[in-house]
Amino acid sequence: MAVDNNYSDSEIIQLIKNGGSAFEQIAEYLFESHLGYIHKAKKQLNLSLEQANDAYADALVKLIRQIRNDRFLGESKLSTYFYSIFHNTCVDVLRKETTNLSYSSLNELAYSKKEKDLLNLIELKDSVKQVKAQMHQIGEPCKKILLDWAYWGYSMREIAVRSSLASEESARSMKYKCLKKLKAIMTTSNGYT
Amino acid sequence: MKESLAKYIALFDQYLDGNLSLDAIHGLEEALTLYPNLARALEEHIDARRALRVEGEQQLKASFKHRLEERDKRRKNNIEQKKASRVIPLYLKMVSSLLILIGCAVFFTQIVNKDKEIESFEDPSISYFRGNDSDVAEDDWKELLHLFSEKAYDEFLDRLANHPIESSIIKKHYGQYHLTHGVSYYRTEQYNLADKTLQKIPSDNAYYDQALWFRILNAKASGNQDLFKELLQLVIKTPDHYHHKTAKKWLTKK
């Protein structure tokens, strides 16, 4: 897909927070806009193309997470901020190579600041693998509805269209049921009583 | 009791997203301390949302990685095509030399498909740049031009990013600078940046014609059909453009 628009930093932040198709569009834009960094990091840190690509994809996901969690304070340009995330991720990739530590699993499972503040959780109970298994158990239609709602930020009306549901109300009801199902699966596999 | 807890549970998402009024936050937090079941429900809700975030991020990352792999495959194919294109003319040269000996060389000169060559391999070589040899005295700029002429586009961009060219030199070689910069973006498939950079060359600049042509190739490669056609029209309106005929041909073809 060609990306023809240019967005200011504040527009990017706003569109990520808005969610829905605007978020998908901006994720595409971010992907296209910083491709040049791959070669730069590859050369500077002597990474393989696969490692640099992996770090790039990882860094983009982290950038989006940081923006959503209000951790990007606008003290630098967004591209500079992204480069620092990307560079650190590349260093992590290299470190992972030498220590064989699963850096991304720990990183991805970290609770957001809000989540930490709310529950003061210290321990990480799950692994990415476990989360994946739980997601698999709820089935594809439920997974799609829940991800559209919780990760992509689509409205109930949009979810109804995307999942071919009759109305906004039926989307809301499905989301409720699916979320309940996910919680039940998680409670069982996490050993809650 | 169950009913009042449900009332609070319905507020969880707004609470986690920071969309609750201060009074409502106060009410919910008080209820959380009073009802352990409500606190447990919030914990479960947070865990579920976290799991969904992790899964969403995994999917997004996988899609980015897939696109990068596809991009690398395309670039690899381009390089192979380029290599092949170098072998074919060499082969043709050898064959035609032989045929010259037997008087049939002319027959083979029409084999090369010009359009394809223009579309895939054309680059503005240093010799294309119009008469300012004496101005290109600055060593850095010369080195960069050398990289460009060697088709080391990644390295060219890398050098520009790490050692920006002085503004006085950019000013002096404005058209040349933006043309090489833009073409390097195009060749490294950064289509958005390529178009943006090539657009900086004004119509009265000596490099405008080439910039316009590379914008066309860039639009074509990025799949932006509307822009592709629009730019071809511009070339058609300029009879002395060096690709005027090709533009006409492409527009009728599309």
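Residues numbered from 1 in each chain as written. Chains lettered and ligands numbered in written order. Predicted model: local features only at pLDDT ≥ 70, side-chain atom pairs only at ≥ 80, totals over all residues. Heavy atoms only, no water.

Enquirer: Before we move on, can you summarise the state of the cysteines with the specific residues and values?
Expert: Residues and elements named next belong to chain A. This model, assessed by the stated rule, comprises one disulfide over all chains. Across the disulfide from C142 sits C178; the S-S distance is 2.1 Å. Because the torsion about its S-S bond is -75°, the bridge between C142 and C178 counts as left-handed. In this pair, C142 is assigned in helix α9 (residues 140-150) and C178 in helix α11 (residues 168-190), connecting sequence segments 36 residues apart. (Disulfide = S-S within 2.5 Å. Helix = DSSP H or I, 4+ residues; strand = E, 2+ residues; numbered from the N terminus.)

Enquirer: So what's going on with the packing of aromatic side chains? Residues and values would help.
Expert: Evaluated as defined, the whole model comprises 18 aromatic pairs over all chains. Considering the side-chain rings of Y37 of chain A and F82 of chain A, the 6.0 Å spacing of their centres and the 20° angle between planes classify their relative orientation as stacked. Of this pair, Y37 of chain A sits in helix α3 (residues 36-45) while F82 of chain A sits in helix α5 (residues 78-99), placing them 45 residues apart in sequence. Of the two residues, Y37 of chain A and F82 of chain A, both sit in the buried class. Measuring from centroid to centroid gives 5.7 Å for F148 of chain B and Y153 of chain B, while their planes differ by 75°, and the two rings are edge-to-face. Looking at F148 of chain B, the relative accessible area reads 2%, which means it is buried. Among the residues examined, Y153 of chain B registers a relative accessible area of 5% and is labelled buried. Put simply, the rings of F31, Y37, Y56, F82, Y83 and F86 of chain A together with F64 of chain B pair up and form one aromatic cluster. Residue placement shows K175 of chain A over the ring face of W149 of chain A; its charged tip is 4.3 Å from the ring centre. (Phe/Tyr/Trp six-rings, centres within 6.5 Å; stacked < 30°, edge-to-face > 60°. Buried < 20%, exposed > 50% of the residue type's maximum accessible area, 1.4 Å probe, protein only. Lys NZ or Arg CZ within 6 Å of the ring centre and 35° of its normal.)

Enquirer: Describe the confidence of the model for chain A, with residues and values.
Expert: Detailed conclusions should not be drawn from predicted coordinates in areas where pLDDT is low. Residues and elements named next belong to chain A. Averaged over all residues, the pLDDT of chain A equals 83, while 80% of them reach at least 70. Here residues 101-106 scores under 50 on pLDDT; set against residues more than four positions off or in separate chains, the count is twelve contacts. Ignoring residues within four places in sequence, the model shows residues 117-126, a span with pLDDT below 50, making 23 contacts including any to other chains. (pLDDT = per-residue confidence, 0-100. Contact = heavy atoms within 4.5 Å.)

Enquirer: If you had to explain the pattern of salt bridges to someone new, which residues and values would you point to?
Expert: Tallied over the entire structure, the rule returns 26 salt bridges over all chains. The partner of R162 of chain A in a salt bridge is E24 of chain A, with the nearest N and O atoms 3.7 Å apart. Within this pair, whereas R162 of chain A is found in helix α10 (residues 156-162), its partner E24 of chain A is found in helix α2 (residues 20-33), the two being separated by 138 residues in sequence. Note that R162 of chain A and D148 of chain A form a salt bridge whose closest N and O atoms lie 2.8 Å from each other. Residue R162 of chain A is found in helix α10, and its partner D148 of chain A is found in helix α9; the two are separated by 14 residues along the sequence. Residue R162 of chain A is classed as partly exposed on the basis of its relative accessible area, which comes to 32%. Residue D148 of chain A is classed as buried on the basis of its relative accessible area, which comes to 2%. Look at the salt bridges and you will find they share partners, linking D54, D58 and K62 of chain A together with K61 and K65 of chain B into a network. (Salt bridge = Lys/Arg side-chain N within 4 Å of Asp/Glu carboxyl O.)

Enquirer: Kindly report on the nonpolar core, identifying the contributing residues and their values.
Expert: In terms of nonpolar packing, the biggest core is built from 63 residues, with Y56 and F86 of chain A touching the most fellow members. Examining the composition of this core, we find that ten residues originate from one element, helix α4 (residues 49-68) of chain A, more than from any other. Apart from the residues within four sequence positions on either side, Y56 of chain A is in contact with L30, F31, H34, L35, I38, F82 and F86 of chain A together with L68 of chain B. In this structure, L144, A152, Y185 and L198 of chain B belong to the second largest nonpolar core, which totals 37 residues. (Core = buried A, V, L, I, M, F, W, Y, C linked by side-chain atoms within 4.5 Å.)

Enquirer: Give a detailed account of the interface of chain A and chain B, specifying residues and quantitative values.
Expert: Every contact between the two is made by 59 residues of chain A and, on the other side, 42 residues of chain B. Summed over both partners, the interface of chain A with chain B buries about 4,900 Å², with 59% contributed by carbon and sulfur atoms. Scanning the region where chain A abuts chain B turns up nine salt bridges. The partner of D54 of chain A in a salt bridge is K65 of chain B, and the shortest N-O contact between them spans 2.9 Å. (Buried area = accessible area lost by both parts, 1.4 Å probe.)

Enquirer: I'd like a rundown of the packing of helix α7 (residues 153-162) of chain B against helix α9 (residues 174-187) of chain B, residues and numbers included.
Expert: All names here are of chain B. α9 packs onto α7 with a crossing angle of 125° between their chain directions and a minimal axis gap of 9 Å. When the interaxial angle is binned, α7 and α9 end up oblique. In the crossing of α7 with α9, the sense of the turn from one axis to the other is left-handed. Contacts between α7 and α9 pair Y153, F156, L157 and L160 from the former with Y177, T180, H181, S184, Y185 and R187 from the latter. When the residues that make up the contact of α7 with α9 are grouped by side-chain class, the tally is six nonpolar, three polar and one charged. (Axes fitted to C-alpha atoms, helices over the stretch in contact; angles between N-to-C directions. Parallel < 35°, antiparallel > 145°, perpendicular 65-115°, else oblique. Left-handed = near helix turned anticlockwise from the far one by under 90°. Nonpolar A, V, L, I, M, F, W, Y, C, P; charged D, E, K, R; others polar.)

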